[in-house]
Amino acid sequence: MSNGMKFRYPVDGNDFTRAGEISSKVKKQLKQLGLPPEVIRRVAIIMYEAEINMVIHANGGTIDVEITPEQIRLVFSDTGPGIPDIEKAMQEGFSTASHEVRELGFGAGMGLPNMKKNSDEMKIDTRIGVGTIMDLIVKI
Ligand SMILES: Nc1ncnc2c1ncn2[C@@H]1O[C@H](COP(=O)(O)OP(=O)(O)O)[C@@H](O)[C@H]1O
Ligand SMILES: [Mg+2]
């Protein structure tokens, strides 16, 4: 892991209009690094969903990206409300998004299932009232 590249991005929780910007930026960077298109596609989906979740459910947070020749590790940390029932949250279509958030086009309840589908490993560490850390690996 010592030859890995590390990047950290803060996610603004107040600005819905900018949600998804970091994902697009990282996608461009990965293209420049010449990573396989399939790997980039998977990372972009995970990053977009997690970034949106941090904005709509957790008032922002931090994204850490670590790239090595073997894998891309994505860690999403927030100090939001936490997830009371992870099993339920992982179900397709489950969403606690508000009416306002749905009107903006978010809240289909497909984010976590798609993050799971597009990763090789996914760990969720969440504590009510403290926050959530999602740690995902995409193998190259
Ligand atoms: N970072 C987070 N902090 C708190 N709750 C979250 C977070 N990410 C997801 N959740 C919870 O898990 C549910 C399912 O997430 P997801 O599949 O992305 O659906 P959606 O975002 O469309 O509601 C959310 O509705 C929310 O209750
Ligand atoms: Mg979501």
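This text goes with the structure placed above it.
Calculation notes
Residues numbered from 1 in each chain as written. Chains lettered and ligands numbered in written order. Predicted model: local features only at pLDDT ≥ 70, side-chain atom pairs only at ≥ 80, totals over all residues. Heavy atoms only, no water. Helix = DSSP H or I, 4+ residues; strand = E, 2+ residues; numbered from the N terminus. Rg over C-alpha atoms; globule rule 2.2 N^0.38 Å. Buried < 20%, exposed > 50% of the residue type's maximum accessible area, 1.4 Å probe, protein only. Contact = heavy atoms within 4.5 Å. Areas by Shrake-Rupley, 256 points an atom, 1.4 Å probe, with all protein chains shown as cover. Near = heavy atom within 4 Å. Polar contact = N/O pair within 3.5 Å; in protein donor to acceptor, adjacent residues only side chain to side chain. Nonpolar A, V, L, I, M, F, W, Y, C, P; charged D, E, K, R; others polar. Salt bridge = Lys/Arg side-chain N within 4 Å of Asp/Glu carboxyl O. Pairing = 2+ DSSP bridges. Axes fitted to C-alpha atoms, helices over the stretch in contact; angles between N-to-C directions.

Draft legend 1. Representation of the overall build of the protein in the model. Across its full length, the protein holds five helices and five strands. The helix and strand sequence of the protein, counted from the amino end, reads β-α-α-β-β-α-α-α-β-β. For the protein, whose C-alpha radius of gyration is 14 Å, the value lies close to the compact-globule estimate of 14 Å for 140 residues. On the principal axes, the C-alpha backbone points of the protein span a range of 40 × 30 × 25 Å. A burial count over the protein gives 46% of its 140 residues as buried. Across the protein, contacts joining residues at least 24 apart in sequence account for 64% of those joining residues at least 6 apart. Element-wise, carbon and sulfur atoms account for 51% of the exposed surface of the protein, whose accessible area totals about 7900 Å².

Draft legend 2. The arrangement of the site of ligand 1 in detail. The local shell around ligand 1 holds 19 residues, among which His 57, Ser 95, Thr 96, Gly 109 and Leu 112 are the closest. Thr 96 is positioned such that a nitrogen or oxygen atom in its side chain is 2.5 Å from an oxygen atom of ligand 1. Isolated, ligand 1 exposes 530 Å² of accessible area, and the fraction of that covered by the protein chains is 95%. Contributing elements (two or more residues each) for the shell around ligand 1: helix H2 (37–58) and helix H5 (111–117). Here the element with the most residues in the shell around ligand 1 is H2; it accounts for four residues. A per-class count over the shell around ligand 1 returns ten nonpolar, eight polar and one charged.

Draft legend 3. Fine view of the pattern of salt bridges. In the structure shown here, the tally under the stated rule is six salt bridges. Among the ionic pairs, Arg 42 bridges to Asp 120, the shortest N-O distance being 3.1 Å. Note that Arg 42 is positioned in helix H2 and Asp 120 in the loop between H5 and strand S4 (121–127), a separation of 78 residues in sequence. Overall, the relative accessible area of 40% leaves Asp 120 in the partly exposed class. Between Arg 73 and Asp 135 there is a salt bridge, with its nearest N and O atoms 2.6 Å apart. Here Arg 73, found in strand S3 (residues 71–78), pairs with Asp 135, found in strand S5 (residues 131–139); they are 62 residues apart in sequence, far enough to count as distant. The buried category is assigned to Asp 135, whose relative accessible area is 15%.

Draft legend 4. Quick look at the sheet that holds strand S1 (residues 5–12). In space, the five strands of this open sheet follow the order S1-S2-S3-S5-S4, with antiparallel pairing throughout. Looking along the sheet, the strands with just one partner apiece sit at the ends: S1 and S4. Across the sheet, the mean angle from the axis of one strand to that of its neighbour is 10°, orientation sign disregarded. Where S3 meets S5, eight bridges bridge the pair, whose relative direction is antiparallel. When the bridges of S5 are listed, Phe 76 appears paired with Met 134.

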